[in-house]
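Okay, here's what each chain looks like letter by letter:
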Amino acid sequence: MPLRRLGRSGLQLSVLSFGSWVTFDNQLDDDLALECMQNAWEAGCNFFDNAESYAQGKSEAIMGRALARLGWPRHRYVVSTKFYWGIHGDVPNMRNTLNRKYLAQAIDASLERFGLDFIDLVYCHRPDPNTPVDETVWAMHDMVASGKALYWGTSEWSAEQIRAAWEYADRHHLHAPVMEQPQYNLLDRRRVEEEYAPLYEEPIGLGTTIWSPLASGLLTGKYRDGVPADSRAALPGYAWLAGSLTDADALAKVERLRPIAEELGCTLSQLALAWCTLNPHVSTVITGASKASQVTENFGALHVIPLLTEEVVVRIEDAVR
Ligand SMILES: NC(=O)c1ccc[n+]([C@@H]2O[C@H](COP(=O)([O-])OP(=O)(O)OC[C@H]3O[C@@H](n4cnc5c(N)ncnc54)[C@H](OP(=O)(O)O)[C@@H]3O)[C@@H](O)[C@H]2O)c1
């Protein structure tokens with residue numbers, strides 16, 4: 001498994017990693033989640049992504065129990081979580097915030113659910129317009145300085161917001177944001193390829209841990225004939241995804257990719273995942289799966305990367321234009 005540096009930090013992440021959004025607790029119980037993590041690990045994955053809000057904290061607990069049962073040495077894997085939405089309902093200071101009070105309590109609760117002494121990567125899951133950025137930067141700095149987390153970053157912040165946070169931290173000699181977690185896939189590219197471009201340069205050297213590389217499953221080609229009963233779009237509470245997963249324009253692009261995958265002898269999922277790794281500013285591609293067999297298929301994308309020659313990439317670009 002190729003490793004990449006997380007931006008200008010010294011941390012090395014496997015180029016394909018594994019996350020738990022939607023799946024842990026909803027689709028994967030303790031045993032199945034462990035099996036998926038084990039499959040990913042055996043394929044060389046060293047990074048497991050999570051968030052406080054996934055399954056209202058249950059996703060962190062499931063991952064923590066899996067890590068305990070798997071018994072991997074703590075220095076061999078990187079684990080993350082994210083804070084913003086909160087899990088205590090409509091309680092003042094505990095919901096939709098990055099204020100100091102919430103962040104200080106959220107990290108302690110996450111550590112308890114995971115059963116870990118520290119979290120490697122912690123993210124501010126969305127920007128908070130109601131907390132001054134200096135308050136959030138200080139709170140995240142303190143989280144790192146206390147040893148409860150090792151690196152901090154953002155998720156779906158604008159380039160301007162990331163720069164403001166980084167510059168404040170730099171000016172005050174605080175731990176600065178190291179990475180951003182944006183959506184990135186063949187059908188959603190602007191932010192990673194254009195908006196963040198200046199941030200990849202020194203001195204910021206932003207890393208990216210990208211999410212939904214298969215556009216929630218759309219890029220697997222499984223939505224061609226409507227919503228399969230065992231798919232994400234059919235899950236209770238996820239009907240809001242069905243529109244984008246059955247969008248005619250997007251489906252037509254996916255169908256234009258199908259013959260390219262067939263010629264390469266790979267699946268559409270593998271083609272789409274391998275393509276994400278071609279962007280050198282992607283530090284790691286966080287994959288998701290509702291079945292262990294999907295993990296095995298998706299990590300097989302590693303063998304497809306060398307097949308993506310310049311000529312193939314031009315054909316892929318034409319297909320999704
Ligand atoms: N920072 C953020 O705001 C944010 C947001 C979203 C995700 N994330 C992170 O990124 C990770 C990945 O995101 P994602 O789960 O949306 O990734 P994705 O790769 O776009 O979608 C994964 C889903 O697609 C389906 N799938 C995957 N491989 C398949 C295959 N080979 N064949 C058929 N179906 C397949 C599965 O759903 P079904 O089988 O149920 O259809 C699976 O759960 C998350 O787990 C999370 O850690 C972060």
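Just above, that's the structure.
What counts, and at which threshold
- Residues numbered from 1 in each chain as written.
- Predicted model: local features only at pLDDT ≥ 70, side-chain atom pairs only at ≥ 80, totals over all residues.
- Buried ≥ 20, exposed ≤ 12 C-beta atoms within 10 Å, placed from the backbone.
- Helix = DSSP H or I, 4+ residues; strand = E, 2+ residues; numbered from the N terminus.
- Pairing = 2+ DSSP bridges.
- Right-handed = clockwise from strand over helix to strand, strands pointing away.
- Contact = placed C-beta atoms within 7 Å.
- Axes fitted to C-alpha atoms, helices over the stretch in contact; angles between N-to-C directions.
- Near = placed C-beta within 6 Å.
- Nonpolar A, V, L, I, M, F, W, Y, C, P; charged D, E, K, R; others polar.
- Core = buried A, V, L, I, M, F, W, Y, C linked by C-beta atoms within 7 Å.
- Parallel < 35°, antiparallel > 145°, perpendicular 65-115°, else oblique.
- Left-handed = near helix turned anticlockwise from the far one by under 90°.
- Arc of directions from axis to C-beta.

Q: Sorry, what's going on with the pairing of strand 6 (residues 119-124) here?
A: When a strand is regular, its side chains alternate between the sheet's two faces. Most of strand 6 is tucked away, with 6 of its 6 residues classed as buried. One ladder, built from 4 bridges, connects strand 5 (residues 78-83) with strand 6; its direction is parallel. Looking across to strand 6, one finds that Ser-80 is bridged to Leu-121. As for the winding sense of the linkage, the β-α-β connection from strand 5 through helix 3 (residues 100-114) to strand 6 is right-handed. The pairing of strand 6 with strand 7 (residues 149-154) spans 5 bridges and is classified as parallel. Bridge pairing in strand 7 places Cys-124 opposite Thr-154.

Q: Got a minute to help me understand the sheet that holds strand 3 (residues 16-19) in this structure?
A: Overall, parallel pairing links the 8 strands, which are arranged 3-4-5-6-7-8-9-10 in a closed barrel. As paired elements, strand 8 (residues 179-180) and strand 9 (residues 207-210) share 2 bridges and run parallel to each other. Note that in strand 9 the partner of Met-179 across the bridge is Gly-207. Contacts from helix 9 (residues 268-277) reach strand 3, strand 9 and strand 10 (284-287) within the one sheet, and its direction differs from that of strand 10 by about 150°.

Q: How should the site of the ligand be read in this particular structure?
A: In the vicinity of the ligand there are 29 residues, among which Gly-19, Trp-211, Leu-214, Gly-217 and Gly-288 approach most closely. Listing elements by their share of the shell around the ligand, those giving two or more residues are strand 10 and helix 10 (292-299). Of the residues forming the shell around the ligand, the biggest block, 3 residues, is contributed by helix 10. A breakdown of the residues in the shell around the ligand according to their chemical character gives 8 nonpolar, 16 polar and 5 charged.

Q: Where do I start with helix 9 in this structure?
A: Note that an α-helix has 3.6 residues per turn; residues three or four places apart therefore point the same way. Most of helix 9 sits inside the fold, with 10 of its 10 residues counted as buried. Looking at helix 9, one finds that the buried residues are Leu-268, Ser-269, Gln-270, Leu-271, Ala-272, Leu-273, Ala-274, Trp-275, Cys-276 and Thr-277. Of the surrounding elements, those touching the buried residues of helix 9 are strand 3, strand 9, helix 8 (248-264), strand 10, helix 10 and helix 11 (310-320).

Q: Help me out: how do you make sense of the nonpolar core in this one?
A: For soluble globular proteins, the rule of thumb is that nonpolar side chains tend to be buried together. Counting 91 residues, the largest nonpolar core has Leu-103, Val-122 and Leu-271 as its most contacted members. If you tally residues by element for this core, the top one is helix 9, at 7 residues. Apart from the residues within four sequence positions on either side, Leu-103 is in contact with Phe-83, Leu-98, Ala-139, Met-140 and Met-143.

Q: Sorry, what's going on with the packing of helix 8 against helix 11 here?
A: Helix packing for two helices is described by the angle between their axes and how far apart those axes are. As a packed pair, helix 8 and helix 11 sit with axes 8 Å apart at the nearest point and diverge in direction by 155°. The angle between helix 8 and helix 11 falls in the class roughly antiparallel. For the element pair helix 8 and helix 11, the recorded crossing hand is right-handed. Residues Lys-253, Arg-256, Leu-257 and Ile-260 of helix 8 pack against Val-312, Arg-315, Ile-316, Ala-319 and Val-320 of helix 11. Here the contact of helix 8 with helix 11 is composed, by residue class, of 6 nonpolar, no polar and 3 charged.

Q: Help me understand helix 10 in this model?
A: Where helix 10 is concerned, the buried positions are Val-295, Asn-298 and Phe-299. Projected down its long axis, helix 10 shows its buried positions confined to an angular sector of 90°, all on one face.

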